[in-house]
Amino acid sequence: MTIERADIEKLAELARIELNEATIAETTQSIADVLALVDQLQAADTEGVEPMAHPTDAVQRLRADEVTETNHREEFQAIAPATEAGLYLVPKVID
Amino acid sequence: MNNSITNQKALHDKTIAEILAGLNAGEFTSVEITQHFLDRIKQLDGTYNSYITVNEASALAQAEAADKRRAEGDVPALCGVPIAHKDIFCTNGVRTSCGSKMLDNFVPPYDATVVENFANAGAVVLGKTNMDQFAMGSSNETSFYGPVKNPWDTNTVPGGSSGGSAAAVAAHLTPGATATDTGGSIRQPAALCGITGLKPTYGRVSRWGMIAFASSLDQGGPMARTAEDCALMLNVMASFDPKDSTSIDREVPNYTANLNQPLAGLKVGIPREYFKEGLNPGTEQAVRDALTELEKQGATLISISLPHTKLAVPAYYVIAPAEASANLSRFDGVRYGHRCDDPKDLRDMYMRTRAEGFGDEVKRRILVGAYCLSAGYYDAYYRKAQQVRRLIKQDFVDAFEQVDVIMGPTSPSPAFEFGAKGDDPVAMYLEDIYTIATNLAGLPGMSVPCGLVDDKPVGLQIIGNYFDESRMLNVAHQFQQATHWHQQTPVGIASEAKDTEGAE
Amino acid sequence: MEWETVIGLEVHAQLATKSKIFSGSSTAFGAEPNTQASGLDLAMPGTLPVPNEQAYRYAIMFGLAIDAEIAKTSVFERKNYFYPDLPKAYQTTQLERPIVGAGHVDIELANGTKKSIRIHHAHLEEDAGKSLHEDFHGMSGIDLNRAGTPLVEIVSEPDIRNAEEAVAFAKKLHSIVTSLGICDGEMSQGSMRFDVNISVRRPGEAFGTRTETKNLNSFRFMEDCIALEVERQIDLIEDGGKVIQETRLYNGETKQARSMRSKEEANDYRYFPCPDLLPVVLDDDYIESIRQNLPELPDARHDRFMEQYGLSSYDANILSGDANMAQYFETATKVSGDTKLTANWIMGELSARLNAEDQSIKHSPVNAEQLAGMITRLVDGTISSKMAKQVFEAMWNGEGAADEIIEAKGLKQVSDSGAIEAMVDEVIANSDKQIDNYRNADESKRPKMLGYFVGQIMKASKGQANPQQVNEILLKKLNELI
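Structure report, in brief. (Residues numbered from 1 in each chain as written. Chains lettered and ligands numbered in written order. Predicted model: local features only at pLDDT ≥ 70, side-chain atom pairs only at ≥ 80, totals over all residues. Heavy atoms only, no water.)

### Section: the overall build of chain A
Here comes step 1: The secondary structure content of chain A amounts to three helices and two strands.
Here comes step 2: Against the compact-globule benchmark of 12 Å for 95 residues, chain A has a radius of gyration of 22 Å, which places it well outside the compact range.
Here comes step 3: When the backbone C-alpha atoms are referred to their principal axes, chain A occupies close to 55 × 45 × 25 Å.
Here comes step 4: Sorting the 95 residues of chain A into buried and exposed places 44% on the buried side.
Here comes step 5: A total of about 5000 Å² of accessible surface is found on chain A, and carbon and sulfur atoms cover 49% of it.
Here comes step 6: For chain A, the distance from the average site of its 7 positive side-chain charges to the average site of its 20 negative ones is 9 Å. (Helix = DSSP H or I, 4+ residues; strand = E, 2+ residues; numbered from the N terminus. Rg over C-alpha atoms; globule rule 2.2 N^0.38 Å. Buried < 20%, exposed > 50% of the residue type's maximum accessible area, 1.4 Å probe, protein only. Areas by Shrake-Rupley, 256 points an atom, 1.4 Å probe, with all protein chains shown as cover. Lys, Arg positive; Asp, Glu negative; His and termini not counted. Charge placed at Lys NZ, Arg CZ, Asp CG, Glu CD.)

Spelled out as structure tokens, the structure:
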């Protein structure tokens, strides 16, 4: 699977990571190397095999509908980059 | 244990079991031993860089509290014993960086369950250990806080991602440390640093408060110098946690209970695939000698096959990055952690915050992960890898029909020099070739020291069946009773004692 | 040129659980910003989700109510995208294996036609937080109280063909979820939000390109928005243009719609099963016990209203449709004892007033007991229907119960026939001209002419004469005269 610079740029946009112009070629190459590694999977015969998302056969426990959390806004916002009037501030959101 | 010998050991050379005995016998206080370690860290860690944060004041306060408890007759399991936490476990009021600039300023207002468990057990936290950024690495070269040096040879890596915990234990800067293992990050550094490390069965140790890398693979576990110490730590770490949906509700046995069971009749599976090309000959010899030792103790070695072994690394490098790409999306500069200066708009804030906060390996894995999940590639990569995962698990399930434990080398070679893997990420990934399959299958695994090659430690890997940690620890302990590899220390680390490694 | 409209709805209903879907934070409406946002809701590192059983129960109740298959194994997935109101930068939702499969919702239109709208599926997911539009020196403020509130997303097939059907469908859904008690239906609070997918085509052609208008929270807005969008699309195509697939926002105040900038880029959501959550496996007994305990559903209530209260299907529709209205009607009827009057008052005066002031019946200033109290006085003749209107007005303005108002305003009607006779005689005596006109008029024209006499009598009695008696006595006396 050949991956090109344009593919990397699209992924970087999806992942919201600005790529350094100087290193973009290197990044493209190293990702191509990793993809060459994972392409080895294609040789595997997986006909009829159910994908396994978890290593255990366990099933989900459901929790009772109770309010167990109390207000810790001050503590949480003490470590926030920017807050005001109890809100988290971010550059203007335009729909 | 021979008391006259252990009494004479320097405080930092004592095992956790010995420390507990010493504290209980009143030979020294927790404050004394804690101060001792803190001084030693100050004195020596400049060389190894195994700690990111040292909690001087709070450690002494905890030690004082432990001494008080002991005096009042209230002695929880690890009362007064100093330990360190890998900087991936959230510690209330103490910076938790995950080895990354992204969280350099992150001070969580909550504790991980593992941290809480140790606090309830009366342990004293010396500090937070260094690690590969976001647990992604096998050499601890990617940390924002600089690489960790292997105490055996400071030109070489300690392994990763739990390089800090491994080096701290190996350099006797803590008797035990917590760590995490997603593809081998406990076992491989344990092997490279000549110490004992254990990755429990998936779901045995709570992941609450343990910063997620790959959710279906991550497990927290102990690193120490003996199997017995790992058992003592695992007793504390293992618990059912209702806050973690993947935590398994199963009774925690006393992991020290079966340590002394004789090995006669034990069936040890030796996977053919773990002894092929790529394995350092010195490493192979040390491992084979170790296996011979087990035979002497009555174990039977059985050749087995884990046919899909070759697919483990490719499968892992789809699944782990895929999960990580989503797990690391929350680091966006909005609610905590790093935020870039003067963002000109929302998109700019995201793009630069994440570019500045994450190291190169982290970025690489996020992009690979996004790729494997993206439209058009999901089936060929992610879905395919999950199918292969099931095949890999089945290999183990089949093998465990015939054998009790599976053993082989932990790592293909001893510690390598900094920069040796160069710019080739894949070369680094192959470091985990023997450990990765265990994570995919969710099985427990251990590494114990079993030899030296050019004065560098070699690790013997033990893979157990699901929830069979007791058996793994038993095998490890019996091996350590008969051999001295686990007592070897790097030159200059252990202090002179009246009698050094006494015959056991 | 004939056009056919094709509409599909995606409806988000907030489930009325006490705590959020994955965390133990409260879901109560109206709290101070970020006071109901736990570490998990804030996506703090190391935090993990545990699903709320009640949310599952509610989703299953909905599935059973629409005759859908309930999945014995369902899986949560991660839908990945970046937005400040989405703390994890992924939404935990369901895709491949949702809890509720295909079902149907039956609607009845004004002209009596019935239609069954197919539901593709319904799934559980978590709500996002809110970004406030106020300006904080060039920044936006994010409130994550709502982040993690459980939602059931209901996806219809594109079976809807016009605004009337869309509104009927939306109202029926509203009725179902409120009747089940799984959602409080408070649209102004965002408890139910509707996304409308609209496309047009010439009859017989394949489906056209559709647009999606998001987050409508009023039936009226939905109706207006559909009309506007259909017109826009038709105009566009007739002018030679092409409809582009896009997401739009409709402003009900300004009655204008626009494209959403942020959704313009194609988003690859990279769905995959959430590794922090295990598959939810349910057994038949669990599902069956939920089925046994389902509250009365709108259709069953409709039929019961027809039978129990002798209502027409049309009236039963109106009164049983909204769970709150149904409850209001039943309470009021029980107290007043008169089904017909109660029904008429609710469907007429009360509804008109509620609509005019954009109030829901749940928050009606006149409650069921009060209305019933007034109707009781109508039935026993204490007040006339004209007076009743005054009483109603006073009750609406918070002046108290019917009896208090009647007393205070002296509204008791005069029903003493002697008194009325006297008044009739008086008016007749003073109306020679009108009597002559009446006598000379055609029989068919006479009923209309009564109005003058009645008016005079009512004036004389200050509106308090019992109208039926006035009519009776007036007619009798007039007939004696001519």
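Anyway, onward from the coordinates.
### Side note on helix α4 (residues 56-71) of chain B
Residues and elements named next belong to chain B.
Here comes step 1: The end-to-end C-alpha distance of α4, which contains 16 residues, comes to 23 Å, matching closely the 22 Å that a straight helix rising 1.5 Å per residue would cover.
Here comes step 2: Looking at α4, one finds that the buried residues are Ala59, Leu60, Ala63, Ala66, Asp67 and Arg70. Taken down its axis, α4 places every buried residue within 120 degrees of arc, on the same side. Facing away from the buried side of α4 by over 90 degrees, the exposed positions are Ala57, Glu64 and Lys68.
Here comes step 3: On the buried face of α4, the contacting elements are α2 (16-24), α3 (30-48) and β3 (124-129).
Here comes step 4: Just downstream of α4, Gly73 is the residue with a positive phi angle, here 85 degrees. (Expected span 1.5 Å × (residues − 1). Arc of directions from axis to C-beta. Contact = heavy atoms within 4.5 Å.)

### Considering the side chain of His338(B)
Here comes step 1: Within the secondary structure, His338(B) is located in the loop between α10 (312-327) and α11 (346-357).
Here comes step 2: A polar atom in the side chain of His338(B) sits 2.7 Å from the side chain of Glu356(B). (Polar contact = N/O pair within 3.5 Å; in protein donor to acceptor, adjacent residues only side chain to side chain.)

### Regarding the packing of aromatic side chains
Residue and element names in this part refer to chain B.
Here comes step 1: According to the stated counting rule, one finds 28 aromatic pairs over all chains in the structure shown.
Here comes step 2: For the ring pair Phe106 and Tyr336, a centre distance of 5.4 Å and an interplane angle of 50 degrees mean the geometry is tilted. Of this pair, Phe106 sits in the loop between β2 (82-86) and α5 (113-120) while Tyr336 sits in the loop between α10 and α11, placing them 230 residues apart in sequence.
Here comes step 3: A residue is classified by how much of its surface remains accessible, and Phe106, at 0% relative accessible area, is buried. (Phe/Tyr/Trp six-rings, centres within 6.5 Å; stacked < 30°, edge-to-face > 60°.)

### With respect to the interface of chain C and chain A
Here comes step 1: Contacts between the two partners involve 59 residues from chain C and, on the opposite side, 34 residues from chain A.
Here comes step 2: Taken together, the two surfaces of chain C and chain A that pack against each other cover about 4000 Å², and 60% of this comes from carbon and sulfur.
Here comes step 3: The largest per-residue losses of area from chain C upon contact with chain A belong to Phe82(C), Ser140(C) and Leu278(C), which jointly make up 14% of the total buried on that side.
Here comes step 4: For the pair chain C and chain A, the interface holds zero salt bridges.
Here comes step 5: For the pair chain C and chain A, the number of links is 23 residue pairs in polar contact (both at pLDDT 80 or more).
Here comes step 6: Elements supplying a minimum of two residues to the side of chain C that touches chain A: α1 (53-65), β7 (130-136), β8 (139-143), β13 (256-259) and β15 (280-281) of chain C.
Here comes step 7: Broken down by element, the side of chain C that touches chain A gets its largest block of residues, six residues, from β7(C).
Here comes step 8: Tallied by class, residues from the side of chain C that touches chain A come to 27 nonpolar, 20 polar and twelve charged.
Here comes step 9: Note that strand β2 (residues 87-91) of chain A and β8(C) share four bridges and pair antiparallel. Following the sheet pairing, Leu89(A) is matched in β8(C) by Gly141(C). (Buried area = accessible area lost by both parts, 1.4 Å probe. Salt bridge = Lys/Arg side-chain N within 4 Å of Asp/Glu carboxyl O. Nonpolar A, V, L, I, M, F, W, Y, C, P; charged D, E, K, R; others polar. Pairing = 2+ DSSP bridges.)

### With respect to the nonpolar core
All names here are of chain B.
Here comes step 1: Leu78, Phe134, Phe396 and Leu473 are the most contacted members of the largest nonpolar core, which totals 187 residues.
Here comes step 2: A per-element tally of this core places α10 first, with eleven residues.
Here comes step 3: Discounting chain neighbours no more than four positions away, the residues touching Phe396 are Tyr274, Leu306, Ile406, Ala437, Thr438, Ala441, Leu443 and Ile463. (Core = buried A, V, L, I, M, F, W, Y, C linked by side-chain atoms within 4.5 Å.)

### Here we look at helix α7 (residues 323-336) of chain C
Residues and elements named next belong to chain C.
Here comes step 1: Here α7 spans 20 Å end to end across 14 residues, near enough to the 20 Å set by a 1.5 Å rise per residue.
Here comes step 2: Elements in contact with the buried residues of α7: α2 (163-180), α5 (298-309), α6 (313-321), α8 (339-356) and α9 (368-379).
Here comes step 3: Looking at where α7 begins, the residue whose side-chain oxygen comes 2.7 Å from the main-chain nitrogen of Asn324 is Asp322.

### Looking at the sheet that holds strand β14 (residues 272-273) of chain C
Residues and elements named next belong to chain C.
Here comes step 1: Spatially, three strands are ordered β4-β3-β14 in an open sheet, and the strand pairing comes out antiparallel. On the outer flanks of this sheet lie β4 (90-93) and β14, each paired with one strand and no other.
Here comes step 2: Note that strand β3 (residues 77-80) and β4 share four bridges and pair antiparallel. Across the sheet, residue Asn80 finds its bridge partner in β4, namely Tyr90.

### Focus on the environment of Val107(B)
Here comes step 1: Following the sequence through the fold, Val107(B) ends up in the loop between β2 and α5.
Here comes step 2: Residue Val107(B) is classed as partly exposed on the basis of its relative accessible area of 30%.
Here comes step 3: Apart from the residues within four sequence positions on either side, Val107(B) is in contact with Ile79(A), Gly93(B), Val94(B) and Arg95(B).

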